[in-house]
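Descriptive structure summary
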Amino acid sequence: MSVCPPEKPSLRPKCPNFSSGPCAKRPGWSLDALCGAAIGRSHRARIGKDKLKRVIDETKDLLDLPPGYLVGIMAGSDTGAVEAALWSLLGPRPVDAFAWESFGKGWVSDCLKQLKLQTRSFVADFGKAPDFSQADFDHDIVLTWNGTTSGVIVPNGDWIAADRKGLTICDATSSIFAVPLPWEKLDAVTFSWQKVL
């Protein structure tokens, strides 16, 4: 059996604005946008470190983060960032996990089944918000600010105690640049640019 080389397509899409992830390339995008890109370079190279520092500094400015707040960049999209926060920050205290859509339910499952932490879960029906007044602020809190799949959003941070003893871990990928967040009440906030934009 002989294998023929693949033929180059003769038709091109009418709209070439496609990319990895659920986002389109910006209007006017061309390959010229890659001039000066650090493609194929180690993140440890000076050019990579400089680019990361610039993105971190600009993100802090864009989000208007309070003094002392840090920005970190990691692989794995928002899912990886939430997982890193859960696995590295939870454990010393019981956890109150709030969910009302698929991603939040995944974080509840991680706390209960993967990390096997003492967890109270407050899971509302799809399209409804849970009762946040049940939060115990001696516990760590895990929540998704805006449910990507359901569209249900936390109305504000008034319900989060300012004098809480536990941490508040927030998956904010569908709200980070869209709504004001109460930074002083959120201890670890995660997002991914490709979903946000």
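The rules behind these values
Residues numbered from 1 in each chain as written. Predicted model: local features only at pLDDT ≥ 70, side-chain atom pairs only at ≥ 80, totals over all residues. Heavy atoms only, no water. Phe/Tyr/Trp six-rings, centres within 6.5 Å; stacked < 30°, edge-to-face > 60°. Helix = DSSP H or I, 4+ residues; strand = E, 2+ residues; numbered from the N terminus. Buried < 20%, exposed > 50% of the residue type's maximum accessible area, 1.4 Å probe, protein only. Patch = residues over 30% accessible without salt bridge, like charges linked within 9 Å, V, L, I, M, F, W, Y side chains within 5 Å. Areas by Shrake-Rupley, 256 points an atom, 1.4 Å probe, with all protein chains shown as cover. Salt bridge = Lys/Arg side-chain N within 4 Å of Asp/Glu carboxyl O. Polar contact = N/O pair within 3.5 Å; in protein donor to acceptor, adjacent residues only side chain to side chain. Contact = heavy atoms within 4.5 Å. Axes fitted to C-alpha atoms, helices over the stretch in contact; angles between N-to-C directions. Parallel < 35°, antiparallel > 145°, perpendicular 65-115°, else oblique. Left-handed = near helix turned anticlockwise from the far one by under 90°. Nonpolar A, V, L, I, M, F, W, Y, C, P; charged D, E, K, R; others polar.

1. Structural notes on the packing of aromatic side chains
All told, the structure shown has eight aromatic pairs when counted by the stated rule. Between Phe-98 and Trp-159, the aromatic rings sit 5.8 Å apart at their centres with planes inclined by 65°, giving edge-to-face as the arrangement. Separated by 61 residues along the polypeptide, Phe-98 in strand E1 (residues 95-99) and Trp-159 in the loop between strand E3 (140-144) and strand E4 (168-171) bring together distant segments of the chain. There is no split in this pair, since Phe-98 and Trp-159 are both buried. Taking 5.5 Å as the distance between ring centres and 85° as the angle between the ring planes, the aromatic pair formed by Phe-191 and Trp-193 counts as edge-to-face. With a relative accessible area of 33%, Trp-193 lands in the partly exposed category. An aromatic cluster is present here, built from Phe-98, Trp-100, Phe-122, Phe-132, Phe-137 and Trp-159 joined pairwise through their rings.

2. Some remarks on the environment of Pro-182
Within the fold, Pro-182 resides in the loop between E4 and strand E5 (188-190). As for Pro-182 and Asn-156, which are separated by 26 residues in sequence, their C-alpha atoms are 7.6 Å apart.

3. Quick word on a nonpolar patch on the surface
A contiguous nonpolar patch, built from Leu-52, Val-55, Leu-62, Ile-73, Phe-177 and Trp-193 and spanning about 480 Å² of accessible area, is present on the exposed surface. Among the elements that make up the nonpolar patch, the one with the highest residue count is helix H1 (residues 46-63) (three residues). Tracing the sequence through the fold places Phe-177 in the loop between E4 and E5. Under the relative-accessibility criterion, Phe-177 is labelled partly exposed at 30%.

4. Regarding the side chain of Thr-168
By secondary structure assignment, the location of Thr-168 is in strand E4. The class of Thr-168 is buried, set by a relative accessible area of 0%. A distance of 3.4 Å separates the side chain of Thr-168 from the backbone oxygen of Lys-185, its partner in a polar contact. Look past the residues within four positions of Thr-168 in its chain and what remains in contact with it is Ile-141, Leu-143, Ile-160, Lys-185, Leu-186, Asp-187 and Ala-188.

5. Regarding the packing of helix H2 (residues 77-89) against helix H3 (residues 102-114)
At their nearest, the axes of H2 and H3 sit 11 Å apart, and the two run at 40° to each other. If you check the angle between H2 and H3, you find them oblique. Read as a crossing pair, H2 and H3 show a hand that is right-handed. The segment H2 lies against H3, with Thr-79, Val-82, Glu-83, Leu-86 and Trp-87 engaging Trp-107, Asp-110 and Gln-114. For the contact of H2 with H3, the per-class residue count stands at four nonpolar, two polar and two charged.

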